[in-house]
Amino acid sequence: MQNNLADRADAVRFPHYAVAGQAGTSFKPEHLPAILAASDRCGFFEVHAENYMGAGGPPHRALERIRQDYPVSIHGVCMSLGGPQPLDPDHLQRFKALVDRYEPAMISEHLAWSTHDDIFYNDLLPLPYNEATLTHVCDHVDQMQSVIGRRIFLENPSTYVAFTDTTMAEVDFIREIARRTGCGLLLDVNNVFVSAANHGFSALDYLKDFPLESVEQIHLAGHAEQEDGAGEKLLIDSHDRPVADAVWQLYEIVLSRRGPVPTLIEWDSELPDWPVLRAEARAAQAILDRHSDTGGLRDAAE
Ligand SMILES: [Fe+2]
């Protein structure tokens, strides 16, 4: 019986759908009935890998249903590519099984760490940028791409602290990972805005230096504004509200340089009704469509 179920799962094959120039949203099973009932299509849906690592049950039933009609993106949050420890081989195999099962259009992970020894943190923690950590991250990206048999896109983090043993700019660190491993990049424009505000650098300067030629996907999300212990403004990458106007403006600038790139609206808590999330994706799609004739990387040609 076990084998029969496994054979059936392996036998599932989904249609291929293009994602070029499309806007998508996070997929939340609560939205499934509304998505299926809607008359208009969304470009694609993204799920967190760790929510689908069980063998079956309601999460997989919902994802299999959505995958029949749409391309999906699988986004990992727990691989801990930025950590000093070896990657967890069991987690890697679970991730590979998910990729094999759903044939995602895009696969991504964070430039962060979240495990130490056998402790799993809920947060994505930042790392210092230097030659030693660069070697570690590149080894981990190589290993992940080798095990799952696919190219991944690495996401720039939102950060709240910096390290004294950092010797490289984040953009240079990320560029070098892409060069050494051949991975693509997932540019989270909201993360850039949040980090820039928290550390006091220019988001425009960061984006000017970012290796846009390697960007294969974009994330947009809402952020919250708080105060730190000293009463200073602190932005939190909260994914619980609409995308801020300033982030939309940065997104437009990125597309004017890079051309249209599959773009995801991330929304993970304080979940709105489907039409609200759909409207955010429509707004992204309108900007993508405005840049559909942008061949990409105008800067490089100028
Ligand atoms: Fe993101």
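Details of the structure are given in the entry above.
Residues numbered from 1 in each chain as written. Predicted model: local features only at pLDDT ≥ 70, side-chain atom pairs only at ≥ 80, totals over all residues.

Asker: Quick question: what am I supposed to make of the packing of helix H7 (residues 189-199) against helix H9 (residues 245-258) here?
Answerer: Packed helices, taken two at a time, are described by the angle between their axes plus the distance between the axes. Between H7 and H9, the least distance of the axes is 9 Å, while the angle of their chain directions is 120°. Judged by the inter-axis angle, H7 sits oblique to H9. The way H7 lies across H9 gives a crossing that is right-handed. Facing Val-189, Asn-190, Val-192 and Phe-193 of H7, the residues of H9 in contact are Ala-246, Val-247, Leu-250, Tyr-251 and Val-254. When the residues that make up the contact of H7 with H9 are grouped by side-chain class, the tally is eight nonpolar, one polar and no charged. (Axes fitted to C-alpha atoms, helices over the stretch in contact; angles between N-to-C directions. Helix = DSSP H or I, 4+ residues; strand = E, 2+ residues; numbered from the N terminus. Parallel < 35°, antiparallel > 145°, perpendicular 65-115°, else oblique. Left-handed = near helix turned anticlockwise from the far one by under 90°. Contact = placed C-beta atoms within 7 Å. Nonpolar A, V, L, I, M, F, W, Y, C, P; charged D, E, K, R; others polar.)

Asker: Explain helix H5 (residues 131-148) to me, please; I cannot follow it from the model alone.
Answerer: Residues separated by three or four positions in an α-helix point in the same direction, a consequence of the helix having 3.6 residues per turn. For H5, which comprises 18 residues, the first-to-last C-alpha distance of 26 Å matches the rise-based estimate of 26 Å (1.5 Å per residue) to within 8%. Looking only at H5, the buried set comprises Thr-133, Val-137, His-140, Val-141, Met-144 and Ile-148. Taken end-on, H5 shows its buried residues confined to a sector of 100°, consistent with a single buried face. Facing away from the buried side of H5 by over 90 degrees, the exposed positions are Glu-131, Ala-132, Thr-135 and Ser-146. Packing partners of the buried residues in H5 comprise helix H4 (89-102), strand E4 (106-110), strand E7 (153-155) and helix H6 (170-181). Count one or two residues on from H5 and you reach Gly-149, which has phi positive near 70°. (Expected span 1.5 Å × (residues − 1). Buried ≥ 20, exposed ≤ 12 C-beta atoms within 10 Å, placed from the backbone. Arc of directions from axis to C-beta.)

Asker: Help me understand H6 in this model?
Answerer: Taking 1.5 Å of rise per residue, 12 residues should cover 16 Å, and H6 covers 16 Å from first to last C-alpha, within 8% of that figure. For H6, the set of buried residues is Glu-170, Phe-173, Ile-174, Ile-177, Ala-178 and Thr-181. Projected down its long axis, H6 carries its buried residues within an arc of 135°, all on one side. Against H5, E7 and strand E8 (184-188) lie the buried residues of H6. Of the residues trailing H6, Gly-182 is marked for its positive phi of about 75°.

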